[in-house]
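Structural overview
Here is how the chains run, residue by residue.
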Amino acid sequence: MALCLHRTERAPAITLVPLEEAEVSARLAGPDDPLVPAVVLHAAHQRALAGVAWYWCAPCLFIALDDGSVLGCASFLDADAPENHSVELGYGILPAFQGRGVATQGVALMLARARLACPQVIVTARTAVSNHASARVLEKNGFRPWGRAHDPDDGDLIVWRTG
């Protein structure tokens, strides 16, 4: 089932396209991909090898319906949702499309994807304390601050969750 959202004044209508396992393997073998970071590709591959269903591992591209351009991507980072009813969401938008509502639509599509497979799922996400734009994206999608964390690379984080 294709998940799509309709165009707004600022954002194009987008659809969510999960990468196939073979495409992840091909991207891992190729040059660094600015859209889907190697760390995301490696994590997806490792979770699949560990037996997690590909549905929860697959990085998903945000594709503009009007011209097929790739606007960003998202993935479930700790995908055990069927077992523990919880999953963490990570996402990014290409700089040319930031501030146009693409992230808000993309996160909504990822929430719909999670709930299609596991209606009771709790989705979490993390943002840098200073990343107000990403915090607003999460708020628009029903996330609420839930706690704090620290990442050696990203510094102090706000942990968000649905439900």
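Now for a quick tour of the structure. (Residues numbered from 1 in each chain as written. Predicted model: local features only at pLDDT ≥ 70, side-chain atom pairs only at ≥ 80, totals over all residues. Heavy atoms only, no water.)

**A few points about the packing of aromatic side chains**
Where we set the bar: A pair of aromatic rings is counted whenever rings of Phe, Tyr or Trp (Trp by its six-membered ring) have centres within 6.5 Å, and the orientation is called stacked for planes under 30 degrees apart, edge-to-face for over 60 and tilted otherwise. By the criterion adopted, a ring carries a charge over it if an Arg CZ or a Lys NZ lies within 6 Å of its centre and within 35 degrees of its normal.
Considering all chains together, one arrives at 2 aromatic pairs under this definition. Plain terms: the ring middles of Tyr55 and Trp56 are 5.3 Å apart, the flat faces sit at 75° to each other, and that makes the pair edge-to-face. Pairwise contacts between aromatic rings join Tyr55, Trp56 and Phe76 into one cluster. Positioned over the ring face of Tyr55 is Arg113, at 3.9 Å from the centre of the ring. A cation over an aromatic ring shows up here: Arg161 above the ring of Trp146, its NZ or CZ 4.7 Å from the ring centre.

**Examining the pairing of strand E7 (residues 144–151)**
This is how the line gets drawn: A 1.4 Å probe rolled over the protein chains alone gives each residue an accessible area, and that area as a share of the maximum for its type sets the label: buried under 20%, exposed over 50%, partly exposed in between. Segments assigned H or I by DSSP are reported as helices when at least four residues long, segments assigned E as strands when at least two residues long, and all are numbered from the N terminus. Think of it this way: DSSP has to see at least two bridges between two strands before they count as a pair.
The element E7 is largely exposed, with a buried count of 0 among its 8 residues. In the sheet, E7 pairs with strand E8 (residues 155–161) via 7 bridges, with the strands oriented antiparallel. What sits directly across from Gly147, in E8, is Val159. The loop that links E7 with its antiparallel partner E8 comprises 3 residues.

**Thoughts on the pattern of salt bridges**
Note the following rule: Salt bridge, as used here: a side-chain nitrogen of Lys or Arg that lies within 4 Å of a carboxyl oxygen of Asp or Glu.
Counted under the stated rule, the structure contains 4 salt bridges. Among the salt bridges present, the one from Arg27 reaches Asp33, with a minimum N-O distance of 2.2 Å. Residue classification places Arg27 among the partly exposed positions, given a relative accessible area of 21%. For the salt bridge of Glu139 with Arg136, the shortest nitrogen-to-oxygen distance reads 3.5 Å. Placement of both Glu139 and Arg136 in helix H6 (residues 132–140) is noted, with a separation of 3 residues, approximately one turn of the helix. On the basis of relative accessibility, which here comes to 33%, the residue Glu139 falls in the partly exposed class.

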